[in-house]
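Structural description and commentary
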Amino acid sequence: MRVKTQLPPHISASSSVPQIVWKIVAALFPLIGVSLWFYQWDAVRVFAFSVLGSLTAEFLCTFLWKGKLTLYDGSTILTSLLLALMLPPTLPAWMIILGSFFAVFFGKEVFGGLGHMPFHPAIVGRVFLQVTFPVSMSFTLQPLEGLSRPAPFLWMKEEIYLNMPPLPGLLLGNYPGTLGETCIVAILVGGLILFWQRLIYWEVPVLFVLTVSLISWGMGLHPWESVLVGGIIFVACFIITDPVTTPLTREGNRVFSVLAGVLVCVLRKWTSSLEGIGFAILMANALTPWLDQWIRPRGTRSNERGKR
Amino acid sequence: MRYGICLEGKKEASLISWAIGRISLAERVRIPLTNSLRERVEPMIEIGEDVGLGQKIAVPASVDSVSVHASISGRITDIRDFPYPLGGMRTAIEITAHEENRREFYQPIEREDWNNLSREEILKICQELGLVDLVPEMHPLHKKILKVGEKSSFLIINACESEPYITTNHALLMSHPVEVLKGAEILRKTLGAERVLLALEDHQLEVAELIKSKIYFLRWKNYEVKLFRARYPQGNPSILASDILKAKFEGSGKFAEIEAPVFDAATLYALYEAVVYQKPLIERPVTIGGGCTVESRNVWLPIGASFQDVLRKCRGLLREPGKLLMGGPMRGFAQQSYEVPVLKGTQAILALPREVVKKGKEGPCIRCNRCVEACPVEISPVLVATASEFGDFDLARTYGAEQCIECGNCSYICPAKRPMLDWIRAAKQDAIILEEDFVDIHQNQEQDLLSGAKIR
Ligand code: SF4
Ligand code: SF4
């Protein structure tokens, strides 16, 4: 009789990485539902092409580097859904495919896949699209009018600041914008799901939003209207809560979200607001390794450092 | 407390009865002579000689060692290297029982005046009667007492069993509460401690009530019972001592242990029997269980009985287990063969089913921070393990690898199923220990390095 030997511990927790990623995907469902309601077939189209582009990238990488297909962990799907939610409903199909291909290929796979990417892949894709196709990225539709299909109109987020819809409209998000960044209620529901499943620290979105709000107020903008538009809440709940591209510790994450908030305000002030937030997140991502070095637990129970 | 993890206790099966049973006597035992590489003992018997139950069969040859006693009566049939449950091979004495002149129980000889023994006499008894701390580390008791010195203010009786399945201390305290308390009193006098504290977990309420009533009737004012939240690794001596002293640690975890030395409840029972009845350490309570055994229960097992015999006498296994363990599932030692003997530090023999030990597919770290939150010594397991994985053991040590108490929480909790503890161990020992190598659990304490460790 022989039994397989292995080092302890011999049991392990039931949670797994795919489970965590699929839970995050599930938290996006309210938002996806709302965007389907707002933009109907246009939304379906964006989601479908975004997923298509990311799957292409995934298959290509698997083929190129002869790796194992890691679709089951869901991170590719998650990236493409997050990206789709940040795109306007009128974006041409080939741009969507290109953007999500770029997001997965250069945002994730070239660094070695899930767990190794320094920058948030969905943001990489979004920044790429904004830099390459700034005009197409600023066309959008009025939501809930999908059946009558009005012609798309050029829209800048600055316009929103000028003709701010009333508060209930701001929270429900039925004003022109991207697929998923406008409906605050659905975003918050998703955030609460993440918090309830203990996938995020509550301070991260809260500190980020507070920072942006306070600094905008200091810059002479309306303190809460400035965070309700422009995808701030979406980024707070779904982008900077991503575990891979943010610091490890809770303390580090707090510092990270304040830093990201400051960067967002600064960049939003001096560049177009559409690009500002993307670049700000990328810059904050780049600071993550330093934050990890600087804020790390150092042991409290013993001080045998340096002693063998 | 923020750190540590909650584990499913799975203790019901072996707590159906609080009684510690005894299974029919072993036909053959293999008693290992030493338990750490520092110990030296001289066998004082020859092959073919007859020995009686409790007869001394080896004497210590260094201050670090304790005597070895026959745990059954019979004939010495072999002295050579046998498989050892902590890995590798160790010299052991094989005793085969014969049918005639079999003595079943130890005949107690009550020691006169046991209440007034001096410290030196106690130390001598500990060494002569083979007493060690009845935990897997198996420190000789006299050495531990010497190390504590006479400056401790607290004596902690550790009955926290934070690992799943194990219930030996629970059962022992329910069935022999006064003996354990008296053992503690002997030790308290020896150590000159003022207060004695019995540490329990909050699922052991019945034990707490029983012990409280016993303390009340004994009128021992300086004894108290303290319940801790049940979370792994509460039963770790350093963690326990640091929680009890609530000190901001200037000194190390070990310093805390000396301020408030921690002794296992089973050790105190053995000490009581040794001091009062001159009974050598020839048997100990062990939990048999793990889900694959037909009978899950606590039994007294002679030191040296093979796992195979024991499992057979507990009516065998339901099915082939995924893993056979000595000790709990978090820190226990997986066995390759069923022939290994019960040691003085064997708290449990567990046959875990496949679905319990099944490990998910290993993936890359997703930096979820769960390992950091689970680490009881508040280091960053992910940083240490990653540095170690890239071969930078020095960096791993500056991240605090040495402070790790090897509780295994980080490996347990990791959703990416990374073998965190293996990497952390590698950093601690400056070498990569391959699977199936001997892991010396003393390496924390002394430079007692491994026999036959392969270095990659
Ligand atoms: S690093 Fe060590 S002490 Fe911390 S959780 Fe891992 S095994 Fe336990
Ligand atoms: S628990 Fe595992 S996946 Fe999470 S940070 Fe630690 S090593 Fe990485």
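The paragraphs below set out a description of the structure included in this document. (Residues numbered from 1 in each chain as written. Chains lettered and ligands numbered in written order. Predicted model: local features only at pLDDT ≥ 70, side-chain atom pairs only at ≥ 80, totals over all residues. Heavy atoms only, no water.)

1. Some words on helix α5 (residues 121–132) of chain A
One full turn of an α-helix is made of 3.6 residues, so residues set three or four places apart face in the same direction. Taking 1.5 Å as the rise per residue, α5 of chain A with twelve residues should run 16 Å; its terminal C-alpha atoms sit 16 Å apart, in good agreement. For α5 of chain A, a buried count of ten out of twelve residues is recorded, marking the element as mostly surrounded by other parts of the structure. (Helix = DSSP H or I, 4+ residues; strand = E, 2+ residues; numbered from the N terminus. Expected span 1.5 Å × (residues − 1). Buried < 20%, exposed > 50% of the residue type's maximum accessible area, 1.4 Å probe, protein only.)

2. Describing the packing of helix α1 (residues 17–27) of chain A against helix α3 (residues 75–85) of chain A
All names here are of chain A. Taken N-terminus to C-terminus, the directions of α1 and α3 make an angle of 25 degrees; their axes are 9 Å apart at the nearest point. As judged from the angle between their axes, α1 and α3 are roughly parallel. As α1 runs across α3, the sense of the crossing is left-handed. From α1, Val-21, Trp-22, Ile-24 and Val-25 reach across to α3, where they touch Ser-75, Ile-77, Leu-78 and Leu-81. Residue composition of the contact of α1 with α3, grouped by class: seven nonpolar, one polar and no charged. (Axes fitted to C-alpha atoms, helices over the stretch in contact; angles between N-to-C directions. Parallel < 35°, antiparallel > 145°, perpendicular 65-115°, else oblique. Left-handed = near helix turned anticlockwise from the far one by under 90°. Contact = heavy atoms within 4.5 Å. Nonpolar A, V, L, I, M, F, W, Y, C, P; charged D, E, K, R; others polar.)

3. With respect to the pattern of salt bridges
Residues and elements named next belong to chain B. Applying the stated criterion across every chain, the model contains 28 salt bridges over all chains. With a shortest N-O distance of 2.8 Å, Arg-30 and Glu-94 are connected by a salt bridge. Pair noted here: Arg-30 is in strand β2 (residues 28–32) and Glu-94 is in strand β8 (residues 89–96), with a separation of 64 residues, a long-range link. Like Glu-94, Arg-30 is buried. With a shortest N-O distance of 2.4 Å, Glu-295 and Arg-315 are connected by a salt bridge. Here Glu-295 is found in the loop between β13 (283–289) and β14 (297–302), whereas its partner Arg-315 is found in the loop between α9 (307–313) and β15 (323–326), with 20 residues between them in sequence. Judged by its relative accessible area of 18%, Glu-295 is buried. The class for Arg-315 is exposed, based on a relative accessible area of 61%. Here the residues in one salt-bridge network are Arg-22, Glu-273, Lys-279 and Glu-283, joined through shared partners. (Salt bridge = Lys/Arg side-chain N within 4 Å of Asp/Glu carboxyl O.)

4. Quick word on the sheet that holds strand β3 (residues 41–43) of chain B
Residue and element names in this part refer to chain B. Taken in spatial order, the three strands line up as β3-β5-β6 in an open sheet, and their pairing is antiparallel. Single-partner strands in this sheet number two, and they are β3 and β6 (68–69). The pairing of strand β5 (residues 56–60) with β6 spans two bridges and is antiparallel. Following the sheet pairing, Lys-56 is matched in β6 by His-69. (Pairing = 2+ DSSP bridges.)

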